[in-house]
Amino acid sequence: MATHNHVPASPRRRRFLKYGAALGGAAAASSFVTVEALAAGKAKVNMQLGWLASNGIMGEVVAKRMGFYEEEGIELEVTPGGPGVDGVASVAAGRAQAGQLSSSPSLMLARSAGIPIKAFAAGYQKHPFTYFSLENNPIRTPQDMVGKTIATQPTAVILLRALLAKNGIAEDKVEVVKMGSDMNQLMTGQAAAVTGWMTNTNALKVLGDGRVDMMLWDAGIQLYANVYYTTDDMLENHADVLARFLTGSARGWGAARKNPEAGVDHLVAEYRNLSRESELEAVGPVLGFSFNDTTAKDGWAAMNPANWQAQIDTYAELKQFKGATPTVDDVMTTDILAATESLRKQIG
């Protein structure tokens with residue numbers, strides 16, 4: 001097990017300065033995040049996405065369109081990510097005051113590299129990442145993978161490695177091939193399983209009724225998805241803005257939960273490239289990952305420090321950290337959750 005050591009301040013700062021320079025001269029001072037103050041005491045918050053806008057921000061869209069952010073004194077701007085977009089760099093350099101990452105390991109790896117970002121809430125309580133197979137050759141447990149070919153996205157190979165290690169399976173017992181976003185390798189028999197998110201209901205239609213699901217979470221690797229994060233500077237100097245932002249988001253997700261169809265209507269009105277029919281099929285799983293027993297107890301967007309520690313330990317064992325192994329306090333804070341606890345519990 002790796003030892004959890006803090007990185008000395010000066011080497012950490014040097015790595016961050018180097019990272020910022022590599023990104024094209026992004027500001028790299030110790031206090032660089034700014035919040036634009038608007039009229040009537042409002043603050044402008046740019047939320048940087050890790051990928052393209054989708055149902056993962058339905059609550060934010062609802063909050064924006066129903067005026068919840070305005071009531072909290074926030075003007076929200078959402079900046080989509082996508083291929084070639086380094087959302088972490090945008091947040092770290094102060095171009096965005098908050099961000100949303102698809103998966104929690106991205107934040108841990110960035111922190112290990114000396115980037116001063118930290119999670120303050122989790123949108124999905126369970127990660128939707130899943131291994132999909134078919135009834136004629138099912139994979140229901142990790143042991144079922146032995147001797148078979150598994151297709152997964154290049155960025156998800158580490159997830160498969162973590163899954164095998166967690167379940168005591170040698171990596172040479174499973175053949176791993178790369179895939180894109182479609183299910184072709186499973187349908188043509190080139191692979192016994194492919195990977196994707198359970199919320200992507202449109203892509204899953206091709207698999208039909210014979211689909212078998214094995215969620216990464218249920219197989220022992222319990223990651224958070226749609227993680228809200230910001231910089232150390234923002235947490236230190238503008239925690240009130242983050243609390244108001246999270247309050248608006250919580251209200252939006254609460255409204256979407258009460259009226260899912262209206263939530264979908266808001267989403268497709270804001271992003272016209274999305275299909276209302278597909279989003280109506282996906283809204284159930286989206287809300288299912290957003291609300292569960294944890295949120296019923298601790299409120300929407302809650303995070304568990306013990307869960308973060310388990311993630312850190314897994315990635316340390318796999319030697320994924322290029323710098324020092326981060327601590328739980330390095331990668332997450334419950335301060336903003338505590339500041340919004342009363343409302344979030346009502347919604348959770």
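Residues numbered from 1 in each chain as written. Predicted model: local features only at pLDDT ≥ 70, side-chain atom pairs only at ≥ 80, totals over all residues. Heavy atoms only, no water.

J.: Residue-level account of the pairing of strand S2 (residues 43-49), with values.
T.: Here S2 lies mainly inside the structure; 6 of its 7 residues are buried. The pairing of S2 with strand S3 (residues 74-79) spans 6 bridges and is parallel. Among the inter-strand pairings, Met47 is bridged to a residue of S3, identified as Val78. Bridge count for S2 against strand S4 (residues 98-103) is 3 bridges, and the pairing is parallel. Counted as the bridge partner of Met47 is Ala98 from S4. (Buried < 20%, exposed > 50% of the residue type's maximum accessible area, 1.4 Å probe, protein only. Helix = DSSP H or I, 4+ residues; strand = E, 2+ residues; numbered from the N terminus. Pairing = 2+ DSSP bridges.)

J.: With reference to specific residues and values, describe unusual backbone geometry.
T.: Positive phi, close to 75°, is recorded for Ala301, a residue that is not glycine. By secondary structure assignment, the location of Ala301 is in the loop between helix H13 (293-298) and helix H14 (305-317). Phi is positive for Lys319, close to 55°, though the residue is something other than glycine. Its place among the elements puts Lys319 in the loop between H14 and helix H15 (328-331). The exposure class of Lys319 is exposed, given its relative accessible area of 66%.

J.: Explain the packing of aromatic side chains residue by residue, including any values.
T.: For the structure shown, the criterion picks out 8 aromatic pairs. Both rings, one in Tyr69 and one in Phe245, keep their centres 6.0 Å apart while their planes meet at 5°; by these two values the pair is stacked. Separated by 176 residues along the polypeptide, Tyr69 in helix H3 (residues 68-71) and Phe245 in helix H10 (residues 239-258) bring together distant segments of the chain. For Phe245, a relative accessible area of 1% gives the class buried. (Phe/Tyr/Trp six-rings, centres within 6.5 Å; stacked < 30°, edge-to-face > 60°.)

J.: Give a description of the pattern of salt bridges that names residues and reports values.
T.: Two side chains with opposite charge may pair up if their charged atoms get near one another. One pass over the full model with this rule turns up 17 salt bridges. The shortest N-O distance in the salt bridge between Lys42 and Glu70 comes to 3.4 Å. Separated by 28 residues along the polypeptide, Lys42 in the loop between strand S1 (36-37) and S2 and Glu70 in helix H3 bring together distant segments of the chain. According to the relative accessible area criterion, Lys42 is partly exposed, its value standing at 24%. (Salt bridge = Lys/Arg side-chain N within 4 Å of Asp/Glu carboxyl O.)

J.: An account of the sheet that holds strand S9 (residues 194-197) is needed here, citing residue identities and associated values.
T.: Here we have 3 strands laid out as an open sheet, ordered S9-S6-S10, and antiparallel in their pairing. With partners counted over all chains shown, the strands left at the sheet margins are S9 and strand S10 (211-215), one partner each. Each adjacent strand pair in this sheet contributes to an overall mean axis angle of 35°, direction not counted. As paired strands, strand S6 (residues 129-134) and S9 are joined by 4 bridges and run antiparallel to one another. Bridge assignment links Tyr131 to a residue of S9, and that residue is Thr195. (Axes fitted to C-alpha atoms, helices over the stretch in contact; angles between N-to-C directions.)

J.: Provide a residue-level description of the pairing of strand S7 (residues 149-152), including the pertinent values.
T.: The side-chain alternation of S7 yields two buried faces, one formed by Thr149 and Ala151 and the other by Ile150 and Thr152. Both S7 and strand S8 (residues 175-178) contribute to a ladder of 4 bridges, which runs parallel. In the sheet register, Ala151 faces S8, and the bridge partner there is Val177. In this fold, the crossover linking S7 to S8 by way of helix H6 (residues 157-166) has right-handed handedness. (Right-handed = clockwise from strand over helix to strand, strands pointing away.)

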